[in-house]
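Spelled out, the chains give:
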Amino acid sequence: MNVLITREPDKVKKFASLLKQAGHCPFSLPMIECVPVDADIKGYFDHGVFTSLNAVKYFEPYRKNVTFGQITAVGSATKKALEDAGYKVDLMPDEFSAEGLKKLFSGMDIKGLSFLLAGAETRAGDFHEWLKVNGCDADVVTIYRTEQIKRTKEEIDGFLKDNRIDVITFASPSAVKAFFACADTDITLVAIGPTTEKEIKKHGHSCHTPDEYTLEGMIKIINNL
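Student: How do you make sense of the nonpolar core when you look at a structure like this?
Tutor: For soluble globular proteins, the rule of thumb is that nonpolar side chains tend to be buried together. Ranked by internal contacts, the top residues of the largest apolar core, which has 23 residues, are I41, F50, F59, F68, L82, L116 and I143. Broken down by secondary-structure element, the contributors of at least two residues to this core are β4 (43-50), α2 (53-59), β5 (66-73), α3 (76-84), β6 (114-120) and β7 (137-148). With residues near it in sequence (within four places) discarded, F50 still touches A55, V56, F59, F68, I71, T72, A73, V74, T78 and L82. Counting 21 residues, the second largest nonpolar core, distinct from the first, contains F159, F170, A175 and A191.

Written out as structure tokens, the structure is:
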């Protein structure tokens, strides 16, 4: 199948390689790009929670000023990125979402503990609010923001038609918003997880979502289409 990747330019290579290995033809039309945001982060936190590859990437300038008691990674790709950067990952939820984080920490005595959630300007889920309700100090800090790549409807429609795209993949709500801000489609859609799926449904479309919220999970879905 001809599969469109809408991820940021620096994240296309891995997904394209996995698609090729599975016998598909990947095409890239990035809808978003990330830019760093200056932040003031320092001191000790009982828990550092990283929810994406970008969170790991854009936290790098601050790591020398921060100490964590434990580190939690949301998703196997995030865990690998942290370990590649030299961190020890202590915890990872079974479900790669805000709900998965709640389930992970609900059985622990966390009252009074400090959490650092450094990441995107716009957050998915309400884990930080849940932490506050449960007596924790949740420090939510923006270290990068996502910006739409400006494209026209004619550009997108032409790309889809010229490359005979069979499937469009979305790995974030931001990419969904950027796509439907200037185009529409009746092509099959695949979302990486429930948060991205929810955004697709807001635009009046249905999609396929894997049980495992990973690139590999998306490819399993595509293989069975």
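Student: Looking at this model, I keep getting lost on the state of the cysteines. Mind explaining?
Tutor: Disulfide: a covalent bond connecting the sulfur atoms of a pair of cysteines. Tallied over the full model, the rule gives zero disulfides. Lacking any disulfide linkage, C34 is separated from the closest cysteine sulfur, that of C182, by 17 Å. In this structure C34 comes out as buried when scored by relative accessible area, which is 15%.

Student: Could you clarify how one ought to interpret the sheet that holds β6 in this entry?
Tutor: Through backbone hydrogen bonds, the strands of a sheet pair up, either in parallel or in antiparallel fashion. Taken in spatial order, the five strands line up as β3-β7-β6-β4-β5 in an open sheet, and their pairing is mixed. Every interior strand has two partners, whereas the edge strands, β3 (32-36) and β5, have only one. Across the sheet, the mean angle separating the axes of adjacent strands is 30° when strand polarity is ignored. Relative to β6, β4 runs parallel, the two being bridged by three bridges. Bridging from a neighbouring strand, G48 pairs with L116 of β6. Sheet strands touched by helix α4 (residues 98-106): β4, β5 and β6. Its angle to β5, the strand with the most contacts, is close to 110°.

Rules behind the numbers
Residues numbered from 1 in each chain as written. Predicted model: local features only at pLDDT ≥ 70, side-chain atom pairs only at ≥ 80, totals over all residues. Heavy atoms only, no water. Core = buried A, V, L, I, M, F, W, Y, C linked by side-chain atoms within 4.5 Å. Buried < 20%, exposed > 50% of the residue type's maximum accessible area, 1.4 Å probe, protein only. Helix = DSSP H or I, 4+ residues; strand = E, 2+ residues; numbered from the N terminus. Contact = heavy atoms within 4.5 Å. Disulfide = S-S within 2.5 Å. Pairing = 2+ DSSP bridges. Axes fitted to C-alpha atoms, helices over the stretch in contact; angles between N-to-C directions.

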